[in-house]
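In case you want the letters, here they are:
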Amino acid sequence: MSTVAAKPVTKPATKPATMAQALGRALRDSMAEDPSVHVLGEDVGALGGVFRVTDGLAAEFGEDRCTDTPLAEAGILGTAVGMAMYGLRPVVEMQFDAFAYPAFEQLISHVARMRNRTRGTLPLPITVRVPYGGGIGGVEHHSDSSEAYYIATPGLHVVTPATVSDAYGLLRASIASDDPVVFLEPKRLYWSKADWNPDAPQTVEPIGRAVVRRSGRSATLITYGPSVPVCLEAAEAARAEGWDLEVVDLRSLVPFDDETVAASVRRTGRAVVVHESGGFGGPGGEIAARVTERCFHHLEAPVLRVAGFDIPYPPPMLEKHHLPGVDRILDAVARLQWEADS
Amino acid sequence: MTVMEQRGAYRPTPPPAWQPRTDPAPLLPDEEPYRVLGTDAADKVDPELLRRLYAELVRGRRYNTQATALTKQGRLAVYPSSTGQEACEIAAALALEERDWLFPSYRDTLAVVARGLDPASALTLLRGDWHTGYDPREHRIAPLSTPLATQLPHAVGLAHAARLKGDDVVALAMVGDGGTSEGDFHEALNFAAVWQAPVVFLVQNNGFAISVPLAKQTAAPSLAHKAVGYGMPGRLVDGNDAAAMHEVLSEAVARAREGGGPTLVEAVTYRMEAHTNADDATRYRQDTDVEAWRDHDPILLMERELTERGLLDDDMKRQAGEDAEAMAADLRQHMNQEPVLDPMDLFTHVYAEQTSQLREQAAQLRAELEVAAEEAEEETR
Ligand SMILES: Cc1ncc(C[n+]2csc(CCOP(=O)(O)OP(=O)(O)O)c2C)c(N)n1
């Protein structure tokens, strides 16, 4: 036990914090608690990452623990594999969603399946942080929603926070996980703020639990990451139409929380899946199928999807037409075969 | 003045702080592959080491012929033979201390066996009962890598991690000539040099990547030359000369261990068999080419050296042959047993904890297996 004099117990002070700060704090706390946690990536050192998530880590823990690597994504993830084989817990930063693609070979051929191919003797506790998604006016190759690729790869956990508090808790849980986690950071929420207590930050339940962000009775919006605030906004707007919408934030795409989702849809009888990535071959198809399989007799309407268009991510001046917004969500809700309308 | 003239006059001046990192000359490989056997250098090699290498070569050759025979009997799905390349495989294993790590590719079963893994476990991947048949941490042997060159950055990361922890552990990673064209090869060498990681990269240049000859793979004077651009030494070695391979690899391992950073070693050798048993080598090379290498066989080279120096008698030859036969018999016996597989294992090692999705799928398979078992029982009744 430490000999620090006990402080008078005061109510923990909450103050506005951004998601980027909460993520940085999660890295810091993980590194302070566990010397095997190492951060590596492009510009993560002196600069603190292009989104400043790793700000201050190199200064506090040294360049051996927070390392600016050569500019090579396959090399970053590939060396992280070897580091993990030797007992470290690497947290890798991919600078942007579309720049993670050179590392896919390592991710798919090695990271995801090392535990399996070695019959459990060589688990890889690697966290791959990927800033993803649009809405920040980024130029080409800076706004992809690449989650469909990741969730199609068995052996990876795929999680994505939507709140400041979850950003901290989920990242802590990811780093603590003995399996590789693709940690998708919704870029446009980096600067979203919430009152948050950095001295007593909340961790989350084990990876794989969805959460009902807003309860309602008329229909369920199933969503995650950057689309969560949009759905909450849509739910507020829907009240004017007489709809009381429930919003489920998945938090984790793999594992998928069938229970929470199905329970919600059984209550409401109607569901819309909302995400930024393209609808064709996107996560929404899988989610809609799972919901239909489990809730068919409770469903009053087909499960609908509101997704990005099936196009390469558009140039910034057009992205507002691509991203699912409140109106498009409400339109979908309106198509949910309401009896009163028919 | 025209723009072109201006350009012609332009001489980039290096900014004041710029310094070439190292003189490239000491990094450049020799023009000829380094040889020990049949040269004066051989006199300086410990006779015991030569004998040990000889015995291991004989054993390795027997392993290769036995495994190839097992493919013909349908006991192995595939076997990429390293016949002709045994000197590289043996030297790679023997250059390492127990605490070091070996990162093999799919052709390097022999290196894995020479490192001490039991011969049958080394074949799990190629037999098809699972992917990796051993605990990599226990033996300090990474899984045999099928995607080319992808294991090289792993070796760098592991060696780097070991150094960060203060352990004097070295990683030796093996790759083929074709694999040197992959991006991961480049990234691994670059990381290793920048981090001064204790890694030795061993390229076995056996002439072909399946059917494609080296000339279509690279325009570099040699693969060892590639090292210079990364700022690490490149060594060109006769890959059929077990003594030369052992010396060069041991030197590189020692340098890495002492903090001298990585080395790229190119072993010039030849693949005597087809790429695998599924390949038709007559489509891309002449039998006469293969014949030309027979006189440069690694076992022959070693036998000549030992005999000329009176270090090998008939007894020792017989003993080496018998040991190899015993190993082959043991391997046959293991491989002729039907493996006992549990289909439920399919779901065991995907995640530390099964997802609910996998639990459902496991339940489905279990039910299918129960039905199948009941049906089988009814049939026997
Ligand atoms: C990334 C990747 N691409 C293609 C292949 C298919 N393949 C298997 S072996 C091989 C040739 C490799 O040649 P080389 O690196 O010279 O090694 P060798 O087989 O001669 O030992 C190819 C193309 C592969 N295994 N991995």
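Everything quoted here is computed from the prediction, not taken from an experiment. (Residues numbered from 1 in each chain as written. Chains lettered and ligands numbered in written order. Predicted model: local features only at pLDDT ≥ 70, side-chain atom pairs only at ≥ 80, totals over all residues. Heavy atoms only, no water.)

1. Some details on the interface of chain B and chain A
Next, step 1: Facing 45 residues of chain B, the contacting portion of chain A comprises 46 residues.
Next, step 2: Of the roughly 3700 Å² buried at the junction of chain B and chain A (both faces included), carbon and sulfur atoms supply 60%.
Next, step 3: At the surface where chain B touches chain A, the tally comes to two salt bridges.
Next, step 4: Arg-119 of chain A serves as the salt-bridge partner of Asp-345 of chain B, at 3.0 Å between the closest nitrogen and oxygen.
Next, step 5: Viewed at the interface, chain A and chain B are joined by 22 residue pairs in polar contact (both at pLDDT 80 or more). (Contact = heavy atoms within 4.5 Å. Buried area = accessible area lost by both parts, 1.4 Å probe. Salt bridge = Lys/Arg side-chain N within 4 Å of Asp/Glu carboxyl O. Polar contact = N/O pair within 3.5 Å; in protein donor to acceptor, adjacent residues only side chain to side chain.)

2. Observations regarding the pattern of salt bridges
Next, step 1: Counted according to the given criterion, the structure contains 49 salt bridges over all chains.
Next, step 2: The partner of Asp-280 of chain B in a salt bridge is Arg-283 of chain B, and the shortest N-O contact between them spans 3.8 Å.
Next, step 3: Owing to a relative accessible area of 73%, Arg-283 of chain B belongs among the exposed residues under this scheme.
Next, step 4: Through salt bridges with shared partners, a single ionic network connects Asp-166, Glu-205, Arg-209, Arg-213, Asp-249 and Arg-251 of chain A. (Buried < 20%, exposed > 50% of the residue type's maximum accessible area, 1.4 Å probe, protein only.)

3. Points about the nonpolar core
Next, step 1: In this structure, Leu-77, Tyr-150 and Leu-250 of chain A together with Phe-201 of chain B are the most contacted members of the largest nonpolar core, which totals 88 residues.
Next, step 2: Setting aside residues up to four positions removed in sequence, Tyr-150 of chain A forms contacts with Ala-100, Phe-104, Leu-107, Val-130, Leu-156, Val-158, Val-182 and Leu-184 of chain A.
Next, step 3: Counting 65 residues, the second largest nonpolar core, distinct from the first, contains Leu-126, Val-237, Val-265 and Ala-267 of chain B. (Core = buried A, V, L, I, M, F, W, Y, C linked by side-chain atoms within 4.5 Å.)

4. What about the packing of helix α2 (residues 47-72) of chain B against helix α10 (residues 242-257) of chain B?
Residues and elements named next belong to chain B.
Next, step 1: Where α2 contacts α10, the two axes come as close as 10 Å, and the packing angle between them is 110°. Taken together, the axes of α2 and α10 are roughly perpendicular relative to one another. Crossing hand, α2 versus α10: right-handed. Between α2 and α10, the contacting residues are Leu-49, Leu-50, Leu-53 and Leu-57 on the first element and Ala-242, Ala-243 and His-246 on the second.
Next, step 2: Considered class by class, the residues forming the contact of α2 with α10 number six nonpolar, one polar and no charged. (Axes fitted to C-alpha atoms, helices over the stretch in contact; angles between N-to-C directions. Helix = DSSP H or I, 4+ residues; strand = E, 2+ residues; numbered from the N terminus. Parallel < 35°, antiparallel > 145°, perpendicular 65-115°, else oblique. Left-handed = near helix turned anticlockwise from the far one by under 90°. Nonpolar A, V, L, I, M, F, W, Y, C, P; charged D, E, K, R; others polar.)

5. Brief notes about the domain arrangement of chain B
A common measure of how large an interface is: the accessible area buried when the components associate.
Next, step 1: The domains assigned to chain B are domain 1 (26-278 + 285-336) and domain 2 (344-380).
Next, step 2: Once you take the C-alpha centre of each, domain 1 of chain B and domain 2 of chain B turn out to be 41 Å apart. (Domains from an automatic or database assignment.)

6. Some points on helix α13 (residues 314-336) of chain B
All names here are of chain B.
Next, step 1: Over its 23 residues, α13 runs 32 Å from end to end, which matches the ideal 33 Å to within 8%, given 1.5 Å per residue.
Next, step 2: When we look at burial in α13, the residues that qualify are Ala-320, Ala-324, Met-327, Ala-328, Leu-331 and Met-335.
Next, step 3: Looking at the buried residues of α13, the elements they touch are α2 and α5 (124-127). (Expected span 1.5 Å × (residues − 1).)

7. Some details on the site of the ligand
Residue and element names in this part refer to chain B.
Next, step 1: The environment of the ligand is formed by 15 residues, the closest being Tyr-106, Arg-107, Gly-178, Gly-179 and Phe-208.
Next, step 2: Between an oxygen atom of the ligand and a side-chain N or O atom of His-275, the distance comes to 3.4 Å.
Next, step 3: Burial of the ligand by the protein amounts to 73% of the accessible area it has alone, namely 590 Å².
Next, step 4: Each residue belonging to the shell around the ligand can be placed in one class, and the counts come to six nonpolar, six polar and three charged. (Near = heavy atom within 4 Å. Areas by Shrake-Rupley, 256 points an atom, 1.4 Å probe, with all protein chains shown as cover.)

8. Quick notes on the confidence of the model for chain B
Next, step 1: Predicted confidence across chain B gives a mean pLDDT of 94, with 97% of residues reaching 70 or more.
Next, step 2: Prediction confidence for the complex, expressed as pTM and ipTM, is 0.92 and 0.89 respectively. (pLDDT = per-residue confidence, 0-100.)

9. Describing the domain arrangement of chain A
Residues and elements named next belong to chain A.
Next, step 1: When its domains are assigned, chain A resolves into domain 1 (15-196) and domain 2 (211-335).
Next, step 2: Put simply, the middle of domain 1 and the middle of domain 2, counted by C-alpha atoms, are 26 Å apart.
Next, step 3: Counting residues at the interface gives 27 residues for domain 1 and 22 residues for domain 2.
Next, step 4: Contact between domain 1 and domain 2 buries roughly 1900 Å² in total, counting both sides, with carbon and sulfur atoms accounting for 59%.
Next, step 5: Across the domain 1-domain 2 interface, the total number found is three salt bridges.
Next, step 6: Two residues, Asp-166 and Arg-213, come together in a salt bridge whose shortest N-O distance is 2.7 Å.
Next, step 7: Inspection of the region where domain 1 meets domain 2 yields eleven residue pairs in polar contact (both at pLDDT 80 or more).
Next, step 8: Counted by class, the side of domain 1 that touches domain 2 contains 13 nonpolar, ten polar and four charged residues.

10. Details of the UniProt feature "domain: Transketolase-like pyrimidine-binding" (unreviewed entry) in chain A
Next, step 1: Mapped onto the present numbering, the UniProt feature "domain: Transketolase-like pyrimidine-binding" (unreviewed entry) falls on residues 17-192 of chain A.
Next, step 2: Between the end C-alpha atoms of residues 17-192 of chain A the distance is 8 Å, and the span holds 36% helix and 17% strand. (UniProt positions renumbered as here; feature names shortened; annotations may be inferred.)

11. Notes on the environment of Ala-17 of chain A
Residues and elements named next belong to chain A.
Next, step 1: Mapped onto the fold, Ala-17 is located in strand β1 (residues 15-18).
Next, step 2: Residue Ala-17 is classed as buried on the basis of its relative accessible area, which comes to 6%.
Next, step 3: Put simply, Ala-17 and Asp-195 are 178 residues apart on the chain and 6.2 Å apart in space, counted from C-alpha to C-alpha.

12. What to know about the pairing of strand β10 (residues 219-223) of chain A
Residue and element names in this part refer to chain A.
Next, step 1: Along β10, five of the five residues are buried, which leaves the element largely enclosed by surrounding structure.
Next, step 2: Of the two faces of β10, both are covered, the one formed by Ala-219, Leu-221 and Thr-223 as well as the one formed by Thr-220 and Ile-222.
Next, step 3: In terms of strand pairing, β10 meets strand β11 (residues 245-249) through five bridges, oriented parallel. Of the residues in β11, the one forming a bridge with Leu-221 is Val-247.
Next, step 4: What joins β10 to β11 is helix α8 (residues 227-238), and the crossover it makes is right-handed. (Pairing = 2+ DSSP bridges. Right-handed = clockwise from strand over helix to strand, strands pointing away.)

13. A closer look at the packing of aromatic side chains
Next, step 1: If you walk through the whole model with that rule in mind, you get 16 aromatic pairs over all chains.
Next, step 2: Taking 5.2 Å as the distance between ring centres and 65° as the angle between the ring planes, the aromatic pair formed by Phe-51 of chain A and Phe-96 of chain A counts as edge-to-face. Of this pair, Phe-51 of chain A sits in the loop between β2 (37-41) and α2 (57-61) while Phe-96 of chain A sits in the loop between β4 (89-93) and α4 (104-111), and the two are 45 residues apart along the sequence. By the burial criterion, Phe-51 of chain A is buried, and Phe-96 of chain A matches it.
Next, step 3: Residues Phe-191 of chain B and Trp-195 of chain B carry aromatic rings whose centres are separated by 5.1 Å and whose planes lie at 85° to one another, so their mutual orientation is edge-to-face. Of the two residues, Phe-191 of chain B and Trp-195 of chain B are both situated in helix α8 (residues 183-195); the distance of four residues between them amounts to about one turn of the helix. Summarising the burial analysis for this pair, Phe-191 of chain B and Trp-195 of chain B share the class buried.
Next, step 4: One aromatic cluster in this structure is built from Phe-51, Phe-96, Phe-99, Tyr-190 and Trp-191 of chain A.
Next, step 5: We note Arg-119 of chain A situated over the ring of Trp-130 of chain B; from NZ or CZ to the ring centre the distance is 4.4 Å.
Next, step 6: For Arg-235 of chain B, the ring lying beneath its charged end belongs to Tyr-34 of chain B, and the centroid distance is 5.6 Å. (Phe/Tyr/Trp six-rings, centres within 6.5 Å; stacked < 30°, edge-to-face > 60°. Lys NZ or Arg CZ within 6 Å of the ring centre and 35° of its normal.)

14. Quick notes on the packing of helix α9 (residues 258-268) of chain A against helix α10 (residues 283-295) of chain A
Residue and element names in this part refer to chain A.
Next, step 1: Contact geometry for α9 and α10: axes closest at 10 Å, N-to-C directions at 65°. In terms of crossing hand, the pair formed by α9 and α10 is right-handed. Of the residues in α10, those touching α9 at Asp-258, Val-261, Ala-262, Val-265 and Arg-266 are Arg-290, Val-291, Arg-294 and Cys-295.
Next, step 2: Its residues placed into classes, the contact of α9 with α10 shows five nonpolar, no polar and four charged.

15. Thoughts on the state of the cysteines
All names here are of chain A.
Next, step 1: Under the criterion given, the structure shown has zero disulfides over all chains.
Next, step 2: There is no disulfide at Cys-295, and the cysteine sulfur nearest it, in Cys-231, is 18 Å away.
Next, step 3: A relative accessible area of 0% means that Cys-295 is categorised as buried. (Disulfide = S-S within 2.5 Å.)

16. Some words on the UniProt feature "domain: Dehydrogenase E1 component" (unreviewed entry) in chain B
Next, step 1: UniProt marks residues 67-342 of chain B with the feature "domain: Dehydrogenase E1 component" (unreviewed entry), using the numbering shown here.
Next, step 2: A distance of 25 Å separates the end C-alpha atoms of residues 67-342 of chain B, which is 43% helix and 11% strand.

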